[in-house]
Amino acid sequence: MIKKEYKFSLNRIIFFTTLICFIIKQISVYSVLPEVVSKYGLINKGMELLILGLFFWYICISKYSIRRIVVILIILLTSLISLSSKNKDIFFIGLLLYMSVNVKSKDIIKISMVTLGFTVLSIVSLSFMNIIPNYVYDNILANGNIAKANSLGFDYYSYVPIYTLFFTCMYLYIRGKKCSYIEICILILLAIVVNSFCHKELAFGLNIFTVILYIILSKFNIFKFRSYIWKLVSKVIIPSCFIIIVFCSYNYDKFLALDNILGGRLYYGYTTFNNYSLTLFGQNIEMIGTSTFTKNPNLEYFYIDSGYLQTLFLRGIILTAIIVIGYSIISYKSIKDKEIELFIWVIITAGYNILGSTLIDIWYNPIFFIGFKYIANWRGTFNILGTRYRVVYKKVIE
């Protein structure tokens, strides 16, 4: 007797296949696999062509509507941003967002989590088997000590701790209140093991903080999240973080002590404000990060760490506004619908992007899929010049 039946449409199969290909492509590119497999970017180019082919197949079998046309206009916007910033990733992210509108959020997160875990584990395993390099380098800790950090198959700045952080966020979101304390202990142990190899204190600290928040807010349920205060907090958390980092970076000279604690991140934000102007569709800014600087110390280090500043300068004002609105909607809806695990995910993303960048890196932090679905299906009430316009809100498929 069939207990549970799973139904998949061709559109969903194409979308999930495209999403899996994109995640594998992005994680592989940030590893040392391209150096080993092909110096000419065979993995990257091959996956890009496959993703484009899948997208055109999806377009051919899809039905069109007014809402779809609006979403297509957003895709055209991402294309302009991609051309302006010379970053093809934005274009592919736009394609995936378009394809995801009618897919359940938790299905997207499940596929993303499994693909992320499998791909990262495969690369780490290859590094342990010495098939691909495992770079070992000195990493200065917050207390001033120097630790030997392992890249685990990635470049000098290993992304494994960051992937682990957002894997934890995804796992807790999928499991909800059903996550057992044994599972929680496994997540903590995973974070500790990864940190013992990579020594990335920010990602490790946020990982432990995520679990603590989950226990306090979801397990113990000590707050009443339907109160007005929590709804207000949910609306302002992302804009507040954005305003704080912009203000502190622009007025860097007034926050020198804070900048020392943050490792000079405010200074590079200040340098960005002085050397570049804001644009609607973004621009290409050459950055020399930890990996490039480690390989060639003669270069001058310059990197915009904050995800808010990166998005503002590299992706432009329009996309920044869309992202801030999208995350604010996710945050508000998570409180309104009492999805505490989703709210925790928003808090971690908001905090991490003050010092790191992951706002639209949907290959390992796919939370923006949820926000984009809300934007694409949003309805509301407006009052323009005394005339009241009311549009019915259409609930997103969940």
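For the structure itself, look to the data block above.
Residues numbered from 1 in each chain as written. Predicted model: local features only at pLDDT ≥ 70, side-chain atom pairs only at ≥ 80, totals over all residues. Heavy atoms only, no water.

Comments concerning the side chain of N353
Then, in step 1: With respect to the helices, strands and loops of the structure, N353 is situated in helix α16 (residues 340-355).
Then, in step 2: Among the polar contacts made by the side chain of N353, one reaches the main-chain amide nitrogen of T358 at a distance of 2.7 Å.
Then, in step 3: For N353, the contacting residues outside a window of four places in its chain are S306, G307, Y308, T358 and L359. (Helix = DSSP H or I, 4+ residues; strand = E, 2+ residues; numbered from the N terminus. Polar contact = N/O pair within 3.5 Å; in protein donor to acceptor, adjacent residues only side chain to side chain. Contact = heavy atoms within 4.5 Å.)

A word on the nonpolar core
Then, in step 1: Residues F15, I27, Y163 and W345 are the most contacted members of the largest nonpolar core, which totals 109 residues.
Then, in step 2: It is helix α7 (residues 160-175) that contributes the most residues to this core, 10 residues altogether.
Then, in step 3: The residues touching Y163, leaving out its near neighbours within four places in the chain, are I27, Y30, L116, V120, F154, W363 and Y364. (Core = buried A, V, L, I, M, F, W, Y, C linked by side-chain atoms within 4.5 Å. Buried < 20%, exposed > 50% of the residue type's maximum accessible area, 1.4 Å probe, protein only.)

Focus: the packing of aromatic side chains
Then, in step 1: One pass over the full model with this rule turns up 28 aromatic pairs.
Then, in step 2: Residues Y58 and Y98 carry aromatic rings whose centres are separated by 6.1 Å and whose planes lie at 80 degrees to one another, so their mutual orientation is edge-to-face. Pair noted here: Y58 is in helix α3 (residues 42-61) and Y98 is in helix α5 (residues 88-99), with a separation of 40 residues, a long-range link. Comparing Y58 with Y98 shows no difference in burial state: the two are buried.
Then, in step 3: Pairing F154 with Y163 gives two aromatic rings, centres 5.7 Å apart and planes at 65 degrees, and the pair type is edge-to-face. (Phe/Tyr/Trp six-rings, centres within 6.5 Å; stacked < 30°, edge-to-face > 60°.)

Regarding unusual backbone geometry
Then, in step 1: Positioned with a positive phi, N130 is a non-glycine residue whose angle comes to about 65 degrees.
Then, in step 2: Following the sequence through the fold, N130 ends up in the loop between α6 (105-128) and β1 (136-140).
Then, in step 3: By relative accessible area, which is 69% here, N130 ends up exposed.

Section: the pattern of salt bridges
Once the charged atoms of two side chains with opposite charge are near each other, the side chains can pair.
Then, in step 1: One pass over the full model with this rule turns up six salt bridges.
Then, in step 2: When the shortest N-O distance is used, the salt bridge between R12 and D107 registers 3.0 Å. With R12 in helix α1 (residues 10-29) and D107 in helix α6, this pair connects stretches of sequence that are 95 residues apart.
Then, in step 3: K333 serves as the salt-bridge partner of D337, at 3.6 Å between the closest nitrogen and oxygen.
Then, in step 4: Residue class for D337 comes out partly exposed when judged on its relative accessible area of 32%.
Then, in step 5: By relative accessible area, K333 is classed as buried at 10%.
Then, in step 6: Ionic contacts of the salt-bridge type, sharing partners, join the residues K25, E48 and D89 into one network. (Salt bridge = Lys/Arg side-chain N within 4 Å of Asp/Glu carboxyl O.)

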